[in-house]
Amino acid sequence: LAMSSATSTTSLPSGLAVLMTFPDVLFIPEFIFGGLVWILVASSKVPAPMLQGWVMFVSVFCFVMSTTLMCLYICGAHGGSSSWVTLVSACHKP
């Protein structure tokens, strides 16, 4: 049986190699659509501003976390540790 990618001994990509692997290249559309979501939420008019504030907080928080993770991966802050796979999986759980 083949081992899953999360338990394999291959190193995690860093630098521009992050943009060459399929799971990590998904950061790009996530970054683009995340920015569009919080822009659309900010420009919408709702009758209960408290609800809009919560949705705005969640969308901006997720956008900032995705951007931070992408930058950390590109900078190579993971140091090849496989625990970063768990971190990214936890951040992307619905």
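Here's what I pulled together on the structure shown here. Bear in mind that the values here come from a model prediction, so they are computed numbers and not experimental data.

Secondary structure assignment for the chain yields four helices and zero strands. The order of helices and strands in the chain, counted from the N terminus, is α-α-α-α. Put simply, the chain has 94 residues, and 20% of those count as buried. Taking contacts inside the chain between residues at least 6 apart in sequence as the whole, the part at least 24 apart equals 55%. Accessible surface computed for the chain: about 6,800 Å², of which carbon and sulfur atoms make up 77%.

Looking now at the packing of aromatic side chains. Scanning the entire structure with this criterion turns up three aromatic pairs. Aromatic side chains F31 and F63 sit 5.2 Å apart centroid to centroid with 20° between the ring planes, which places their arrangement in the stacked category. A residue pair is termed long-range when its members are at least 10 positions apart, and F31 in helix α2 (residues 27-43) and F63 in helix α3 (residues 49-75) qualify at 32 residues. Relative to F61, the ring of F57 lies with its centre 6.0 Å away and its plane at 20°, an arrangement referred to as stacked. You can see F57 and its partner F61 sitting in helix α3, four residues apart, about one turn around the helix. An aromatic cluster is defined as three or more aromatic residues linked by ring pairs; in this entry it consists of W54, F57 and F61.

Here we come to the packing of α2 against α3. Between α2 and α3, the shortest axis-to-axis distance is 9 Å and the interhelical angle comes to 155°. One element, α2, and the other, α3, form an angle in the roughly antiparallel class. Relative to α3, the crossing made by α2 is left-handed. Facing α2, whose interface residues are F27, E30, F31, G34, G35, V37, W38, V41 and A42, α3 presents Q52, V55, M56, S59, V60, F63, S66, T67, L69, M70 and Y73. In terms of residue class, the contact of α2 with α3 is built from 13 nonpolar, six polar and one charged.

The rules behind each value
Residues numbered from 1 in each chain as written. Predicted model: local features only at pLDDT ≥ 70, side-chain atom pairs only at ≥ 80, totals over all residues. Heavy atoms only, no water. Helix = DSSP H or I, 4+ residues; strand = E, 2+ residues; numbered from the N terminus. Buried < 20%, exposed > 50% of the residue type's maximum accessible area, 1.4 Å probe, protein only. Contact = heavy atoms within 4.5 Å. Areas by Shrake-Rupley, 256 points an atom, 1.4 Å probe, with all protein chains shown as cover. Phe/Tyr/Trp six-rings, centres within 6.5 Å; stacked < 30°, edge-to-face > 60°. Axes fitted to C-alpha atoms, helices over the stretch in contact; angles between N-to-C directions. Parallel < 35°, antiparallel > 145°, perpendicular 65-115°, else oblique. Left-handed = near helix turned anticlockwise from the far one by under 90°. Nonpolar A, V, L, I, M, F, W, Y, C, P; charged D, E, K, R; others polar.

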